Amino acid sequence: MPQPTEATGAPDELVAAAPVAPEPDEPAAADPPVAPDELRAAHAPVAPDELVGPLERGLSVLRVMAAGPDVRHRPGDLARTTGLARSTIDRVATTLVRLGVLRTEGRDLLLAPGAARLGNAYLASCGLPELLGPHAVALADALDESVSLAVPDGDGVRFLAQATRRRAMAISFRTGDLLPAERCAPGALFAARWDAADHERWRARRAKDPRDAGFPSVPPRPSGTAPTPEEVETEFLDRVREARETGIAVDDQLIEPGLLAVALPVRGPDGAVVCAVSVVSHTSRHSALSLREQALPPLRRAVTAMETALASATTTGAAPEAEPAAAGAALEAEPAPEGAPVVAGTALKEELGSGFLQSLARGLDVLHAFGSVRGPARLTELARLTGLPRATARRSLITLRHLGYVREEADGFLVLPRVLELGYARLSGLSLPEIATPHLVALVLRVHESASVAVLDGDDIRYAARVASTRIMHIDITVGTRLPAYATSMGRVLIGALPPAERAAHLGRITPEALTPHTVTTREGLDEAVAATVARGYGWVEEELEEGLRSLAVPVTDGAGRVVAAVNVALHAGRATPEESLAALLPPLRETASAISADLAAVGRFARVATG
């Protein structure tokens, strides 16, 4: 299952298909050309005639938004950075917001959790986190050190998965982070199989960016100090030579002072290097030599287990689980009549008119469809998965290949790790509060009552996110507040989601107190209240926590359907009858829970989402 790093050559399957005229929403001549990324410009291939302009421009906007340190972006700033017309930025933004890839806050544009689905497509297609991740966790537990998996991406190294240790001095990279090959242990392993053209591209990048400013995940090299560019190259080539001879690479404080790593290659059944696995530590715990001596034996055993897992997957040919589509995504469409293709984004095009770039939506559908196929996918298969005409899918593939996100292999097309540059590193680090808060804001604006998200923490609920209403009299609770789960609507939702034995143990060990005259305090009464919550699908508490306080809650789930949190609306009981409150609040509350759950599924499919 080798991971190619560059898209080169003209795919026969693409060339063979009949050409298609540009779609109506692609007036390429009306917009200035996309400004190429500075570090790619020297080796950028000639643009093919059938390039899908809106797809190229949309990915350019995503790339710019993901690359810099700024989280918020104004459309005018994006126009200046990308070289696109402001009107083009507006149409791209309208489309990506509607697809759940971007979101808005006032005049600002931000990456939305739904954009993680693009990176998920690569991670699911390559299968490495799923197949090798458990072995990385076992190795980290055995050594009590952090362990990471990385793949080559051009002349860089991109991280795919990591098993970290909980320490005051934490060592971690985000999934999707890109490092220069010369500044990490896996880079020497991957460079050991570079050809002359690869070395030339690496030297060109080094000449343009000697301080590694184009790699925001590593500290830039100090200007005007040692080592010189010549010394960097000599040292790197020496490490590459050693890696080629020994199959081992060591990082002795290359990324930053104090950081150490030792890495081995992991090979697929065909003998090609698929990825590298690294054990990462710190000089406060090891020297480079002692880390190598201690880590190598269990590291070699882990590599053997990983290679066995890859061989087994190749034999079984198991496909990855399909990822649920985001609400409003282009792939969600009514079934077409039998024999008729489903045209992605057609309904949205009709709804939004010229402001919606249908060919951008279709191109993202093609990219997303790779996540349903383990390894190479054929054009006909991608067309079937997206419901697109074969010729339309072909033009999207031509564009994705030109941009370096897809490459042709003998048995189909592979999605490449470069897809992770489209915001995955930033999004994979989002916490539950960061994911939930924008949805809570929208809910509060809609219902004009306070809303919160909480998780179960022992016998209590702990507030993870909260947005208060603007009413003069509102519920005054802050993030981090703990309340007894038995007396809250969110607590009953979360208790009800526990396995039966665990639920019984939870209710059996608590001693309920009468917080108000209405608080349920008997074991039988709590059993009935929790069972009723499960049966109806929502929690309802009327003046049990505090007199005058009414609360309605529903569950929030992760991608596997597990209840991981609850979201509620709290209000004064005197503002409406219970029936009126239920009718007004339950539908928007369920919509909010669904949106938060969809975002959690996207971000948490291959990354751990912290609860606070």
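Structure: above.
Q: Tell me what's going on with the overall build of the chain, and back it up with residues and numbers.
A: Each helix and strand counted, the chain has 20 helices and 16 strands in total. Counting across all 612 residues of the chain, residues that qualify as buried make up 53%. Pairs at least 24 apart in sequence give 67% of the contacts found in the chain among residues at least 6 apart. Of the accessible surface of the chain, which amounts to about 26,000 Å², a share of 54% is contributed by carbon and sulfur atoms.

Q: Outline the packing of helix α12 (residues 358–369) against helix α14 (residues 390–402), supporting the account with residue identities and numerical values.
A: Each pair of packed helices gets described by two things: the angle between the helix axes and the distance between those axes. Packing of α12 against α14 brings their axes to within 9 Å, and their N-to-C directions diverge by 80°. One finds that α12 runs roughly perpendicular with respect to α14. Of the residues in α14, those in contact with Arg362, Gly363, Val366 and Leu367 of α12 are Thr392, Ala393, Ser396, Leu397 and Leu400.

Q: Pulling in residues and values, what's your account of the packing of helix α2 (residues 53–67) against helix α3 (residues 75–82)?
A: Between α2 and α3, the least distance of the axes is 10 Å, while the angle of their chain directions is 105°. By the angle class used here, α2 and α3 are roughly perpendicular. On α3, the residues that touch Ser60, Val61, Val64 and Met65 of α2 are Leu78, Thr81 and Thr82. Of the residues that constitute the contact of α2 with α3, the class distribution is 4 nonpolar, 3 polar and no charged.

Q: Explain the sheet that holds strand β7 (residues 259–267) to me, and be specific about the residues and the numbers.
A: Spatially, β5-β4-β3-β8-β7-β6 is the arrangement adopted by the 6 strands of the open sheet, whose pairing is antiparallel. Looking along the sheet, the strands with just one partner apiece sit at the ends: β5 (178–180) and β6 (249–252). On average, each strand axis in the sheet is inclined to that of its neighbour by 30°, with strand direction left out of account. In this sheet, β5 lies alongside strand β4 (residues 156–163) in antiparallel orientation, the contact comprising 3 bridges. Residue pairing across strands places Arg158 opposite Leu178, the latter belonging to β5.

Q: Help me get a handle on the pattern of salt bridges, residues and values and all.
A: Summed over the entire model, instances satisfying the criterion amount to 36 salt bridges. Here Arg158 makes a salt bridge to Asp153, at a shortest N to O gap of 2.7 Å. For the residue pair Arg158 and Asp153, the accessibility class agrees, reading buried in each case. Of the charged contacts in the structure, one is a salt bridge between Arg183 and Asp212, with a shortest N-O distance of 3.1 Å.

Q: If you had to explain unusual backbone geometry to someone new, which residues and values would you point to?
A: Glycine aside, residues mostly have negative phi, and peptide bonds are mostly found in the trans state. The backbone of Asp144 sits at a positive phi, close to 55°, despite the residue not being glycine. Looking at the secondary structure, you find Asp144 in the loop between α6 (128–143) and β3 (146–153). In this structure Asp144 comes out as partly exposed when scored by relative accessible area, which is 36%. Phi angles above zero are rare outside glycine, and Gln253 is one such case at about 65°. Of note, Gln253 is situated in the loop between β6 and β7.

Thresholds, definitions, all that
Residues numbered from 1 in each chain as written. Predicted model: local features only at pLDDT ≥ 70, side-chain atom pairs only at ≥ 80, totals over all residues. Heavy atoms only, no water. Helix = DSSP H or I, 4+ residues; strand = E, 2+ residues; numbered from the N terminus. Buried < 20%, exposed > 50% of the residue type's maximum accessible area, 1.4 Å probe, protein only. Contact = heavy atoms within 4.5 Å. Areas by Shrake-Rupley, 256 points an atom, 1.4 Å probe, with all protein chains shown as cover. Axes fitted to C-alpha atoms, helices over the stretch in contact; angles between N-to-C directions. Parallel < 35°, antiparallel > 145°, perpendicular 65-115°, else oblique. Nonpolar A, V, L, I, M, F, W, Y, C, P; charged D, E, K, R; others polar. Pairing = 2+ DSSP bridges. Salt bridge = Lys/Arg side-chain N within 4 Å of Asp/Glu carboxyl O.

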